[in-house]
Amino acid sequence: MNRMTYHINYAYTCHTGKVRLNNEDNFWCCGRLLPADNQGIEEIRAGVRLRESLPVLAVFDGMGGESQGEMAAWLAADTLSRFFKENKGILRKEPGRFLAEACRDMNQAVCSYGREQRIFAMGTTAAMIAFGKKKTAICNLGDSRIYKLSGEKFSQISNDHVLKSYMFGKAPLTQFLGVEETEMELEPAIETFPYVEGERYLLCSDGVTDMLTDSEIEEIMKMDMPVEDNVRLLRDKVLEKGARDNTTIIMCEVKPDRRPLRTWLRQKENK
């Protein structure tokens, strides 16, 4: 019997950039992440996942200087990995709740490490997308962004958690992973959407948005090509403009599939 289902095409990269000596970014893409001490990846990696496998994609941009930023980003990615394995039931039915609870676990992991190591200035942003059985959910903390392309409509669907009235330099974050909840309530921005054929989502650290305008991002997202080629163009444009910060890019696309479900049981990832 034929059943229509959806699959998610995705591609990602994580580049140290041209100025920074170390990489404080990390990600979680369907089980893939980088070690805490890393120099990013040079290539574009791509894969495809059936909706029924409940894909989750996330970008983390660590803060704190020295090795603290990359440790915070890794802790978030590693905690998300374990949380995913233990909470697929929640993800299947309530992807928004899954992301909210994942944020609490990730925040506790970063805070606990900071207390144990007597580090009081480490944290990480988070931008995540989770595909449940019937709906898609997005979530962010900090200034790592999520963009959506639906038909010809392009929009930022994440909230920038930054101090609006700040006048000098880069504005401090008002929300991030790594803050004790006795000091500030964790309030991730979460939205849910139905599955829509052809919709594209972009998750990225501020290494992208500090270099490219929304118009430049929109132009590349609208190019009709496989998502790995869109990611390559975005990365190359950032590098062309100087890449002053670490740059992590994840792009995914919702595609319908009307072939028998069993033909998608063997899933691949190109490394």
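Before reading on, note that the structure itself is shown above.
All of the points below concern the structure found in this document. (Residues numbered from 1 in each chain as written. Predicted model: local features only at pLDDT ≥ 70, side-chain atom pairs only at ≥ 80, totals over all residues. Heavy atoms only, no water.)

1. Section: a positive patch on the surface
- Residues Lys 85, Lys 88, Arg 92, Lys 93, Lys 133 and Lys 134 make up a contiguous surface patch of positive charge.
- Examining the composition of the positive patch, we find that three residues originate from one element, helix 2 (residues 88-93), more than from any other.
- When its relative accessible area of 37% is taken as the criterion, Lys 88 is described as partly exposed. (Patch = residues over 30% accessible without salt bridge, like charges linked within 9 Å, V, L, I, M, F, W, Y side chains within 5 Å. Areas by Shrake-Rupley, 256 points an atom, 1.4 Å probe, with all protein chains shown as cover. Salt bridge = Lys/Arg side-chain N within 4 Å of Asp/Glu carboxyl O. Lys, Arg positive; Asp, Glu negative; His and termini not counted. Charge placed at Lys NZ, Arg CZ, Asp CG, Glu CD. Helix = DSSP H or I, 4+ residues; strand = E, 2+ residues; numbered from the N terminus. Buried < 20%, exposed > 50% of the residue type's maximum accessible area, 1.4 Å probe, protein only.)

2. Let's talk about the packing of helix 1 (residues 68-86) against helix 3 (residues 95-116)
- One way to put it is that helix 1 packs onto helix 3 with a least axis distance of 9 Å and a crossing angle of 135°. Between helix 1 and helix 3, the angle is such that the two are oblique. Where helix 1 crosses over helix 3, the handedness of that crossing is right-handed. Together, Met 71, Ala 72, Leu 75, Ala 76, Thr 79, Leu 80, Phe 83 and Phe 84 of helix 1 and Phe 98, Glu 101, Ala 102, Asp 105, Met 106, Ala 109, Val 110 and Tyr 113 of helix 3 make up the contact between the two elements.
- A per-class count over the contact of helix 1 with helix 3 returns 13 nonpolar, one polar and two charged. (Axes fitted to C-alpha atoms, helices over the stretch in contact; angles between N-to-C directions. Parallel < 35°, antiparallel > 145°, perpendicular 65-115°, else oblique. Left-handed = near helix turned anticlockwise from the far one by under 90°. Contact = heavy atoms within 4.5 Å. Nonpolar A, V, L, I, M, F, W, Y, C, P; charged D, E, K, R; others polar.)

3. So, the state of the cysteines
- The tally for this structure, following the rule as stated, stands at zero disulfides.
- Lacking any disulfide linkage, Cys 30 is separated from the closest cysteine sulfur, that of Cys 29, by 6.5 Å.
- You can see Cys 139 has no disulfide; the closest cysteine sulfur is in Cys 103, sitting 3.5 Å from it. (Disulfide = S-S within 2.5 Å.)

4. Some points on unusual backbone geometry
- Even without a glycine there, the phi angle at Cys 30 is positive, about 50°.
- Mapped onto the elements of the fold, Cys 30 is located in the loop between strand 2 (25-29) and strand 3 (45-50).
- If you check the backbone angles, Leu 54 has positive phi at about 60° while not being a glycine.
- Tracing the backbone through its elements, the reader meets Leu 54 in the loop between strand 3 and strand 4 (56-63).

5. With respect to the pairing of strand 9 (residues 153-156)
- Pairing analysis gives four bridges linking strand 8 (residues 145-150) to strand 9, with the strands arranged antiparallel. Bridging across to strand 9, Lys 148 finds its partner in Ser 155.
- Taking the residues between adjacent antiparallel strands as the criterion, strand 8 and strand 9 are bridged by two residues, where Gly 151 takes a positive phi near 65°. (Pairing = 2+ DSSP bridges.)

6. Focus on the packing of helix 5 (residues 214-221) against helix 6 (residues 227-240)
- Where helix 5 contacts helix 6, the two axes come as close as 9 Å, and the packing angle between them is 150°. When the interaxial angle is binned, helix 5 and helix 6 end up roughly antiparallel. When the axes of helix 5 and helix 6 are compared, the crossing they make is right-handed. Contacts between helix 5 and helix 6 involve Glu 216, Ile 217, Ile 220 and Met 221 on the former and, on the latter, Asn 230, Leu 233, Leu 234 and Lys 237.
- In terms of residue class, the contact of helix 5 with helix 6 is built from five nonpolar, one polar and two charged.

7. Thoughts on a nonpolar patch on the surface
- On the surface, Leu 163, Tyr 166 and Phe 168 cluster together into a nonpolar patch covering about 340 Å² of accessible area.
- Among the structural elements, Leu 163 can be located in the loop between strand 9 and strand 10 (189-194).

8. Regarding the nonpolar core
- Core analysis: the largest hydrophobic core is formed by 29 residues, its most contacted members being Val 56, Phe 60, Leu 80, Phe 98, Met 106, Met 128 and Leu 177.
- Only strand 4, helix 1, helix 2, helix 3, strand 6 (126-131) and strand 7 (135-141) provide two or more residues apiece to this core.
- At six residues, helix 1 tops the list of elements feeding residues into this core.
- Not counting chain neighbours up to four residues away, the residues in contact with Phe 98 comprise Val 56, Leu 80, Phe 83, Phe 84, Asn 87, Ile 90, Leu 91 and Ala 130.
- Of all hydrophobic cores here, the second largest spans 25 residues; its members include Tyr 10, Cys 30, Ile 41 and Leu 57. (Core = buried A, V, L, I, M, F, W, Y, C linked by side-chain atoms within 4.5 Å.)

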